[in-house]
Amino acid sequence: MKTILTFGDSNTYGTPPMTERGTGARFDAATRWPQVMRAALDCNLIEEGLPGRTANPVTDPVMGPHMNGHLGLRIALQSHGPIDLLMIMLGTNDQKAHFGLPPEGITAGVAGLLGLALGDEYQTRHNGFQVLLICPPAVKEAGVLAAEFQGAAIKSQELPARYAALAQARGTGFLDAGTIIQTSAIDGVHFAADDHVTLGQAIAGTLASSDE
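Attention here is on the structure that accompanies the text. Keep in mind the model is a prediction, meaning the values are calculated, not measured.

**Overview of the packing of aromatic side chains**
Part 1 of the reasoning: Per the stated rule, a full pass over the model turns up zero aromatic pairs.
Part 2 of the reasoning: The ring of Tyr13 carries the charged tip of Arg26 above its face, separated from the ring centre by 4.1 Å.

Take a look at the structure:
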């Protein structure tokens, strides 16, 4: 049975669309896309979703240094294993206005994550594993998160092509989640319950097809 590690932010954690901040809400295991995928594939699942996590190795002045995705990935790959497949879906939080990162800067952070995952240290530690890079859907700049993500709607339009080129260059799998679902109009960042289910089923179908 395969072991899959899903590494991401609040949309991997299962945060519902927000009408107010600070509630700490989370969709249940029947709804979250990693768990929907797990049920369809009958695999072992390790969920590593942290709300606020970034793809770049930066210190978030608002949420803290532990949001650094590079540090988080190292911890995850040393805490778990062996794994057969790592899924990375990050880059949404890197679009926050206070980081000021352009699309190429966001992609550079993801490139660093792939460098860690594909490097000898962790490939050897886990006896080799595959990587699937997932580009998150575009941000809409809506609701209570609109000011925090000012300018993200335009930035996020460039990410799928950049992520796809990066995945091709590094020899990893690639999936553009924005061709399957959209972020909620409620807060422009998170996924509705139905979209979690749709994404989980779509990813499971993609993986099942690749194994045939």
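**Some points on the pattern of salt bridges**
Part 1 of the reasoning: Per the counting criterion, the structure on display carries six salt bridges.
Part 2 of the reasoning: Note that Glu104 and Arg162 form a salt bridge whose closest N and O atoms lie 3.8 Å from each other. With Glu104 in helix H4 (residues 103-118) and Arg162 in helix H6 (residues 152-170), this residue pair connects regions lying 58 residues apart in the sequence.
Part 3 of the reasoning: Judged by relative accessible area, Glu104 falls into the partly exposed class, the value being 42%.
Part 4 of the reasoning: Exposure remark for Arg162: the relative accessible area of 32% places this residue in the partly exposed category.
Part 5 of the reasoning: Each of Arg21, Lys96 and Glu148 takes part in a single network of salt bridges with overlapping partners.

**A few points about the sheet that holds strand S4 (residues 130-135)**
Part 1 of the reasoning: Taken together, five strands build an open sheet; the order of strands is S2-S1-S3-S4-S5 and the sheet is parallel. If you trace the sheet from one side to the other, it starts and ends with strand S2 (44-49) and strand S5 (173-176), each paired once. Neighbouring strand axes in the sheet, compared pairwise and without regard to direction, differ in orientation by 15° on average.
Part 2 of the reasoning: Taken together, the five bridges between strand S1 (residues 3-8) and strand S3 (residues 85-89) define a ladder with parallel strand orientation. Considered in S3, the bridge of Ile4 is made with Leu85.
Part 3 of the reasoning: Across the sheet, helix H3 (residues 69-79) touches S1, S2 and S3, and the angle it forms with S1 is around 160°.

**What to know about unusual backbone geometry**
Leave glycine aside and you will find that most residues have negative phi; peptide bonds, for their part, are mostly trans.
Part 1 of the reasoning: For the bond running from Gly81 to Pro82, omega is 0°, close enough to zero to count as cis.
Part 2 of the reasoning: Within the fold, Pro82 resides in the loop between H3 and S3.
Part 3 of the reasoning: The backbone phi angle of Asn127 is positive, close to 60°, even though this residue is not glycine.
Part 4 of the reasoning: Mapped onto the elements of the fold, Asn127 is located in the loop between helix H5 (120-125) and S4.
Part 5 of the reasoning: Of note in this structure, Glu141 is not a glycine but carries a positive phi near 55°.

**Describing the packing of helix H2 (residues 33-41) against helix H7 (residues 193-211)**
Part 1 of the reasoning: Axis separation between H2 and H7 bottoms out at 7 Å; the angle between their running directions is 40°. One way to sum up the angle between H2 and H7 is to call them oblique. Between H2 and H7 lies a crossing whose hand is right-handed. Where H2 approaches H7, its residues Trp33, Val36, Met37, Ala40 and Leu41 are matched on the opposing element by His196, Val197, Leu199, Gly200, Gln201, Ile203, Ala204, Leu207 and Ala208.
Part 2 of the reasoning: Looking at the contact of H2 with H7 residue by residue, the classes come out as eleven nonpolar, three polar and no charged.

What counts, and where the lines are drawn
Residues numbered from 1 in each chain as written. Predicted model: local features only at pLDDT ≥ 70, side-chain atom pairs only at ≥ 80, totals over all residues. Heavy atoms only, no water. Phe/Tyr/Trp six-rings, centres within 6.5 Å; stacked < 30°, edge-to-face > 60°. Lys NZ or Arg CZ within 6 Å of the ring centre and 35° of its normal. Salt bridge = Lys/Arg side-chain N within 4 Å of Asp/Glu carboxyl O. Helix = DSSP H or I, 4+ residues; strand = E, 2+ residues; numbered from the N terminus. Buried < 20%, exposed > 50% of the residue type's maximum accessible area, 1.4 Å probe, protein only. Pairing = 2+ DSSP bridges. Axes fitted to C-alpha atoms, helices over the stretch in contact; angles between N-to-C directions. Contact = heavy atoms within 4.5 Å. Parallel < 35°, antiparallel > 145°, perpendicular 65-115°, else oblique. Left-handed = near helix turned anticlockwise from the far one by under 90°. Nonpolar A, V, L, I, M, F, W, Y, C, P; charged D, E, K, R; others polar.

Everything listed here is a matter of coordinates, which is why it stays silent on function.
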